[in-house]
Amino acid sequence: TGSGYNVYSAGSGYRVRVYETGNPANYDESDIPFSIVAATIVPTMNVSLDASTPTTASLNPGQTGVRFASIKVSANKDPVNSMNSIQIGSNSANAAAFLTNFRVYDGTTLLSSSPYDMDYNGNYYYKWMRVSGVSIPAYSDKVITVMADVKPQAPSGTVRLGIAGWNFDSPGAQVSPF
């Protein structure tokens, strides 16, 4: 459906054509037609920062239940039912020294928790949080909240934490605006 792509309906009589990009006249086509049995609908999940997200807060070592981000997710005409994990992340220097006991909520429902430190991939600190049963019905939205505890031995400094990625089972979802 994007630029350069066509949408094909279920049916028969389709053929595959492979061509050389530098010379489109040089091509090969399948000898036997094939059928498209069913079209796969890939829903779109819109993502934005919810107004309830705190802009700044003073934290103390040992502080528990700190809300770092509230993310509004919404579905358009097709429901989003295939989310299987959420990546929380921080681009703060040495973020793993600050935070522990990560939690992700759908409203007041705990989706996932982990007492383990975040990993560093060379660019930012992250942790994949496995979720199940997350469903966003068509034309509706919900707020996903990221919480953590401040380690008792946390150094002084600043730390940020939010959602860095989403993962889906097939057929997946297109995340917008990303």
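Fair warning: this is a prediction, and the values are worked out from it, not measured in the lab.

Analysis parameters
- Residues numbered from 1 in each chain as written.
- Predicted model: local features only at pLDDT ≥ 70, side-chain atom pairs only at ≥ 80, totals over all residues.
- Heavy atoms only, no water.
- Salt bridge = Lys/Arg side-chain N within 4 Å of Asp/Glu carboxyl O.
- Helix = DSSP H or I, 4+ residues; strand = E, 2+ residues; numbered from the N terminus.
- Buried < 20%, exposed > 50% of the residue type's maximum accessible area, 1.4 Å probe, protein only.
- Lys, Arg positive; Asp, Glu negative; His and termini not counted.
- Polar contact = N/O pair within 3.5 Å; in protein donor to acceptor, adjacent residues only side chain to side chain.

J.: Just checking my understanding: could you explain the pattern of salt bridges for this structure?
T.: Opposite charge on two side chains lets them pair, provided their charged atoms get close. Across all of its chains, the model carries five salt bridges by this definition. Where Lys 142 meets Asp 106, a salt bridge forms, and the shortest distance between an N and an O atom there is 2.8 Å. Of the two residues, Lys 142 sits in strand 12 (residues 141–150) while Asp 106 sits in strand 8 (residues 99–106), which places them 36 residues apart along the sequence. Accessibility expressed as a relative area gives 17% for Asp 106, which makes it buried. When the shortest N-O distance is used, the salt bridge between Lys 151 and Asp 117 registers 2.8 Å. With Lys 151 in the loop between strand 12 and strand 13 (162–168) and Asp 117 in the loop between strand 9 (109–114) and strand 10 (119–120), the pair connects residues that are 34 residues apart, well separated along the chain. Asp 117 sits in the partly exposed class, given a relative accessible area of 37%.

J.: Where do I start with the side chain of Lys 127 in this structure?
T.: Relative to the assigned elements, Lys 127 resides in strand 11 (residues 125–130). For the buried Lys 127, no salt bridge exists, and the shortest N-O distance to an oppositely charged side chain is 4.8 Å, to Asp 119. Only 3.1 Å separates the side chain of Lys 127 from the backbone oxygen of Asp 117, close enough to count as a polar contact.

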